Amino acid sequence: MADERRFEVLRAIVEDFVATREPVGSKALVERHNLGVSSATVRNDMAALEDEGYIVQPHTSAGRVPTDMGYRTFVDRLATIRPMSASERRGIRTFMDGAVDLDDVVERTVRLLVQFTKQVAMVQYPSLRRSRVRHVEFVALDPHRLLVVLIADTGRVEQRIVESPTSLTEAVLGELRARINVAVADRPFADVSELVSDLPESFHEEERAVVSRVLDTLQEATVEESEERVVIGGAANLARYGREFPLTLAPVLDALEEHVVLLRLLGDATAAEEVDVRIGHENDIAGMDAASVVTVGYGPNRKAVAHLGVVGPTRMDYPGTMGTVRAVAKYLGRILADQR
């Protein structure tokens, strides 16, 4: 948009519409904002913005509301993302410091996002593919069953049971545990398969079958397709915005029930704390064209190991929502870094 004054008019329309839910007229803009021009000039700017597709008149004799393109221009030209207050940051710290394990951390993060944004919150568990191995442990359940426990540097724990055709001796398990941890400790989960591929050859022939079975189970546990987990909360909040959706809430709620849809909404960012906003028709998922999605990667040392975000109507407080998801992601990354 070439005319800076015209953008200021658009910005004012977005802010007023988000705050009031009512179409915005030129008189209200002049009264509420220090635009430095007359109502006639503002009307001309609004007419130009409407011609260019940034705003629309929902019905005759009404004011104007932003279009998806108008919201996009507003978001792209945000000078700053609204920071959270000192008291809000203390609230996050106090609430999150009470978490006892990763499951609790994720659940608390969802609750925080719901509370602060009044939207639908989504939090993905740290991805094993982007994590490193902290430790591999074995627990003998009986002579023919073994529990394999994988612990990631992000605090994520995966467990698998191995059925053995032969009796599992503590000597073999102890040696296998030691060799696996030497091979994979502090290495990326994505490299585990290659790192342990030669281990069976280092055992006696009669031990190789059970060793291979344990290693196969270990490798299966690191396969990405089986370990993507997303927790969602606050879907009832969408009922507060019922009239924001042109038809019904049903298509949005149906979409949010699909696990694969949640993963697509969260995206695949590679850097932590970089906020991504998709508005209305920018979402290529059926039923989501009346919603906006704000997501961000999180992880230790600004390396994204997973993503979190919120879903709400396009009439969203973008500066506040973007600031919230980034602040929560930053604190979540610190928690994971402390677990290393």
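The numbers attached to residues start from 1 for each chain and follow its sequence in the written order. Whole-chain, interface and lining totals are the exception, using all residues; otherwise, since this is a predicted model, local features are given only for residues with pLDDT of at least 70 and side-chain atom pairs are given and counted only at 80 or more. Computation of side-chain values: all heavy atoms of the structure, hydrogens and water removed.

**Observations concerning the sheet that holds strand β8 (residues 275–279)**
The criterion, for reference: Strand pairing is assigned whenever DSSP detects at least two bridges linking the two strands. Here a helix means four or more residues in a row that DSSP labels H or I, a strand means two or more in a row labelled E, and each is numbered from the N terminus. A fitted line through C-alpha atoms represents every axis, and for helices the fit uses only the stretch in contact; the resulting angles, taken between N-to-C directions, go from 0 to 180 degrees. In what follows, a contact means two residues having at least one pair of non-hydrogen atoms within 4.5 Å.
With antiparallel pairing, five strands are arranged side by side in an open sheet as β7-β3-β10-β9-β8. In the strand order of this sheet, the two ends are held by β7 (230–233) and β8, each with one partner. The sheet shows a mean angle of 15° between the axes of neighbouring strands, taken without regard to direction. The pairing of strand β3 (residues 120–124) with strand β10 (residues 306–313) spans four bridges and is classified as antiparallel. Following the sheet pairing, M122 is matched in β10 by G309. Lying over the sheet, helix α6 (residues 102–117) contacts β3, β7 and β10, oriented at roughly 155° with respect to β3.

**Looking at the packing of aromatic side chains**
Where we set the bar: Any Phe, Tyr or Trp ring, taking Trp's six-membered ring, that has another such ring centre within 6.5 Å forms a pair; planes under 30 degrees apart are called stacked, those over 60 apart edge-to-face, and the others tilted. Per-residue accessibility, obtained with a 1.4 Å probe over protein chains only, is compared with the maximum for each type, and a residue is labelled buried under 20%, exposed over 50%, and partly exposed between these values.
Tallied over the full model, the rule gives one aromatic pair. Taking the centre distance of 5.6 Å and the plane angle of 50° together, the rings of Y71 and Y318 count as tilted. Of the two residues, Y71 is situated in helix α4 (residues 68–76) and Y318 in helix α12 (residues 318–338); the sequence distance between them amounts to 247 residues. Taking the relative accessible area as the measure of exposure, Y71 reaches 1% and is therefore buried.

**Focus: the packing of α6 against α12**
Basically, it comes down to this: By the definition adopted for this analysis, an angle is roughly parallel if under 35 degrees, roughly antiparallel if over 145, roughly perpendicular if from 65 to 115, and oblique otherwise. In this scheme, a crossing is called left-handed if the near helix is turned counterclockwise away from the far one by less than a right angle; it is called right-handed if the turn is clockwise. Residue polarity is assigned by list, with Asp, Glu, Lys and Arg as charged and Ala, Val, Leu, Ile, Met, Phe, Trp, Tyr, Cys and Pro as nonpolar; anything else, Gly included, falls into the polar class.
For the pair α6 and α12, interaxial distance at closest approach is 10 Å and the crossing angle is 165°. If you check the angle between α6 and α12, you find them roughly antiparallel. The element α6 and its partner α12 pack so that their crossing is right-handed. Counted together, L102, V105, T109, L113, F116 and T117 of α6 and T321, T324, V325, V328, L332, I335 and L336 of α12 form the full contact between these two elements. Of the residues contributing to the contact of α6 with α12, the split by class is nine nonpolar, four polar and no charged.

**Some remarks on the pairing of strand β9 (residues 291–298)**
Counting buried positions along β9 yields eight of eight residues, so the element is predominantly enclosed. Burial of β9 is two-sided: the residues A291, V293, T295 and G297 facing one way and the residues S292, V294, V296 and Y298 facing the other way are all buried. Where β9 lies against β10, eight bridges are found, and the strand directions are antiparallel. Note that in β10 the partner of Y298 across the bridge is A306.

**Comments concerning a positive patch on the surface**
Going by this rule: Within this analysis, patches are made of residues with over 30% relative accessible area and no salt bridge. Like charges are joined at 9 Å or less; nonpolar side chains (Val, Leu, Ile, Met, Phe, Trp, Tyr) at 5 Å or less. Surface accessibility in these figures is a Shrake-Rupley result with a 1.4 Å probe; residues are shielded only by whichever protein chains are displayed. The salt bridge definition used is simple: a Lys or Arg side-chain nitrogen within 4 Å of an Asp or Glu carboxyl oxygen. We count Lys and Arg on the positive side and Asp and Glu on the negative side, and we leave His and both chain ends out. By convention, charge coordinates are those of NZ in Lys, CZ in Arg, CG in Asp, or CD in Glu.
Residues R89, R90, R93, R326, K330 and R334 make up a contiguous surface patch of positive charge. Going through the elements one at a time, α5 (86–97) and α12 are the ones with two or more residues in the positive patch. In this structure, R334 sits in helix α12.

**Topic: the pattern of salt bridges**
A side chain of one charge can pair with a side chain of the opposite charge when the charged atoms of the two come close. The final tally for this structure, using the stated rule, is 21 salt bridges. Put simply, R72 and E282 hold a salt bridge, and the shortest N to O gap is 2.7 Å. Of the two residues, R72 is situated in helix α4 and E282 in the loop between β8 and β9; the sequence distance between them amounts to 210 residues. Of the charged contacts, one joins E170 and R177 as a salt bridge, the two residues approaching to 4.0 Å between their closest N and O atoms. With relative accessibility at 19%, the residue R177 sits in the buried group.

**Details of the nonpolar core**
Grouped burial of nonpolar side chains is what soluble globular proteins tend to show. Here is the rule we go by: Side-chain atoms within 4.5 Å link the members of a nonpolar core, which is a set of buried Ala, Val, Leu, Ile, Met, Phe, Trp, Tyr and Cys residues.
One finds V9, L29, M96, L113, Y298, L308 and Y318 to be the most contacted residues of the largest nonpolar core, which totals 54 residues. Top element by residues in this core is α12. It accounts for nine residues. Formed by 27 residues, the second largest nonpolar core is a distinct cluster that contains L173, V214, L218 and A221.

**Comments concerning the side chain of T314**
Mapped onto the fold, T314 is located in the loop between β10 and α12. Excluding its chain neighbours within four sequence positions, the residues that come into contact with T314 are D68, Y71, I279, G280, A290, A291 and S292.

**Describing the sheet that holds strand β6 (residues 157–163)**
What the three strands build is an open sheet, ordered β4-β5-β6; its pairing is antiparallel. Strands with a single pairing partner mark the edges of an open sheet, and in this sheet they are β4 (133–142) and β6. For this sheet, the mean angle separating the axes of adjacent strands, direction not counted, is 20°. Note: strand β5 (residues 145–152) against β6, seven bridges, orientation antiparallel.

**Observations concerning helix α9 (residues 208–221)**
Let me state the cut-off plainly: To estimate how far a helix should reach, multiply one less than its number of residues by 1.5 Å.
Here α9 spans 20 Å end to end across 14 residues, near enough to the 20 Å set by a 1.5 Å rise per residue. Considered for burial, the residues of α9 that qualify are V210, V211, V214, L215, T217, L218, Q219 and A221. Against β4, β5, β6, α7 (170–184) and α8 (192–196) lie the buried residues of α9.

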